[in-house]
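The chain contents come next:
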Amino acid sequence: MPGIPQNTARPNERKLNFWERIYLPEVLKGLGYSFAKMSEPLYTFQYPDEQWLPPDGYRGRPVLVEEGGKPRCVSCNLCARACPPMAISMQSHDIGGEKEREPQWFEINMLRCIYCGFCEEVCPEEAIVMSKEYDMTFQSREEAVFGMDRLLVPKERLKDRLDWLAAQRNPDPATSWEHPRANNRHSLRERPFLGHVAAHGSHDA
Ligand code: SF4
Ligand code: SF4
């Protein structure tokens, strides 16, 4: 209401003393702190001239493992089903032989990807893994949709990650309970083992 002074002070507001009200000592205190820090060692990277090399367990952009010039992927669609933001899409095609199927096309929308690593975790073939690449820029939405041309990385270049995954893996989940080991051998990489089992007529070897 006009004419009536309003109390705008907050209940917990502290009263500033004279020196605080003229600000100058506080400004000098701040400058002193900055100068003191200048003589300390630097912990920042001069990015992008200096690149940070992440550890093997780092989750950078997901990539497809290329083995012998071909994708390791068997196009089972598990990664696409597990991906929370539905960033993965693919179409499989029959190729015959032991592998049976391969992706005809495979895309990851990097604008959607949240680098959670679920795709890597569910993949029965270790065909999709998290890489160490973290610096990506796009000029358009279309550019952010990575096809096989940008997703496929030779196995040799992913050795760090594949070794790290091997070290993390439960060596044999079926030893802790009554469960035929062969039930866990569903991966294509385990088929020589299954062939061996079939030849010897046992599932508990
Ligand atoms: S890292 Fe996560 S969000 Fe990205 S593609 Fe894999 S499952 Fe999807
Ligand atoms: S889970 Fe693995 S094998 Fe299956 S479609 Fe995804 S990348 Fe390919």
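Because the structure is a prediction, the values reported are computed rather than measured.

Caption draft 1: Representation of the packing of aromatic side chains. Tallying each qualifying case throughout the model produces five aromatic pairs. Geometrically, the ring pair formed by W52 and Y58 is edge-to-face, given 5.2 Å between the ring centres and 85° between the ring planes. Here the aromatic rings of Y58 and Y134 are separated by 6.2 Å at their centres, their planes lie at 80°, and the arrangement is edge-to-face. Linking Y58 in the loop between α2 (24–38) and β1 (62–67) with Y134 in the loop between β5 (128–130) and β6 (145–146), this pair joins segments that are 76 residues apart in sequence. Classification of Y58 by relative accessible area gives partly exposed; the value is 24%.

Caption draft 2: Representation of the confidence of the model for the protein chain within the structure. Per-residue confidence for the protein chain gives a mean pLDDT of 85; residues scoring 70 or more make up 81%. Long-range and interchain partners of residues 193–205, a stretch whose pLDDT sits below 50, account for 13 contacts in this model, where long-range means more than four residues apart.

Caption draft 3: Representation of the environment of E125. Examined against the element boundaries, E125 turns out to sit in the loop between α4 (118–122) and β5. Residue E125 is classed as buried on the basis of its relative accessible area, which comes to 4%. Taking the C-alpha atoms as reference points, E125 and R72, separated by 53 residues in sequence, lie 7.1 Å from one another.

Caption draft 4: Spatial organisation of the pattern of salt bridges. Following the criterion strictly, the structure yields 12 salt bridges and no others. Linking K37 and E40 is a salt bridge whose minimum nitrogen-to-oxygen distance equals 3.4 Å. Classification of K37 by relative accessible area gives partly exposed; the value is 38%. Between K132 and D56 there is a salt bridge; the shortest N-O distance is 2.8 Å. Here K132 is found in the loop between β5 and β6, whereas its partner D56 is found in the loop between α2 and β1, with 76 residues between them in sequence. What makes K132 partly exposed here is its relative accessible area of 25%. Put simply, D56, K132 and D160 are held in one network by salt bridges that share partners.

Caption draft 5: Broad picture of the sheet that holds β6. The antiparallel open sheet is built from three strands, whose spatial order is β3-β4-β6. The outermost strands of the open sheet, each flanked by one partner alone, are β3 (88–96) and β6. As paired strands, β3 and strand β4 (residues 100–109) are joined by eight bridges and run antiparallel to one another. Residue pairing across strands places H93 opposite E102, the latter belonging to β4.

Caption draft 6: Quick look at the pairing of β1. In the sheet, β1 pairs with β5 via three bridges, with the strands oriented antiparallel. Within the sheet, the bridge partner assigned to P62 lies in β5 and is M130. With three bridges joining them, β1 and strand β7 (residues 152–154) adopt parallel strand pairing. Within the sheet, the bridge partner assigned to E66 lies in β7 and is P154. As defined by bridge partners, β1 adjoins strand β2 (residues 70–71) across two bridges and the pair is classed as antiparallel. Each residue of the ladder has a partner; that of E67, found in β2, is K70. Connecting the antiparallel pair β1 and β2 is a turn made up of two residues, with G68 showing a positive phi of about 60°.

Caption draft 7: Fine view of the site of ligand 1. With respect to spatial proximity, the complete set of residues near ligand 1 consists of C83, P85, I88, C113, I114, Y115, C116, G117, F118, C119 and M130. Here the residues of the shell around ligand 1 are counted per class, giving 10 nonpolar, one polar and no charged.

Caption draft 8: Representation of the nonpolar core within the structure. Of all hydrophobic cores here, the largest spans 20 residues; its most connected members are C79, I88, F106, I108 and I128. For this core, the secondary structure elements donating two or more residues are α3 (78–82), β3, β4, β5 and α5 (148–151). Within the second largest apolar cluster, seven residues are counted, among which are V63, V129, L158 and L162.

Caption draft 9: Quick look at the side chain of R161. Relative to the helices and strands, R161 is located in helix α6 (residues 159–168). In this structure the side chain of R161 is engaged in a polar contact, spanning 2.7 Å, whose partner is the backbone oxygen of D56. R161 has contacts with D56, G57, Y58, R59, E120, V129 and M130, leaving out every residue within four places of it along the chain.

Calculation criteria
Residues numbered from 1 in each chain as written. Chains lettered and ligands numbered in written order. Predicted model: local features only at pLDDT ≥ 70, side-chain atom pairs only at ≥ 80, totals over all residues. Heavy atoms only, no water. Phe/Tyr/Trp six-rings, centres within 6.5 Å; stacked < 30°, edge-to-face > 60°. Helix = DSSP H or I, 4+ residues; strand = E, 2+ residues; numbered from the N terminus. Buried < 20%, exposed > 50% of the residue type's maximum accessible area, 1.4 Å probe, protein only. pLDDT = per-residue confidence, 0-100. Contact = heavy atoms within 4.5 Å. Salt bridge = Lys/Arg side-chain N within 4 Å of Asp/Glu carboxyl O. Pairing = 2+ DSSP bridges. Near = heavy atom within 4 Å. Nonpolar A, V, L, I, M, F, W, Y, C, P; charged D, E, K, R; others polar. Core = buried A, V, L, I, M, F, W, Y, C linked by side-chain atoms within 4.5 Å. Polar contact = N/O pair within 3.5 Å; in protein donor to acceptor, adjacent residues only side chain to side chain.

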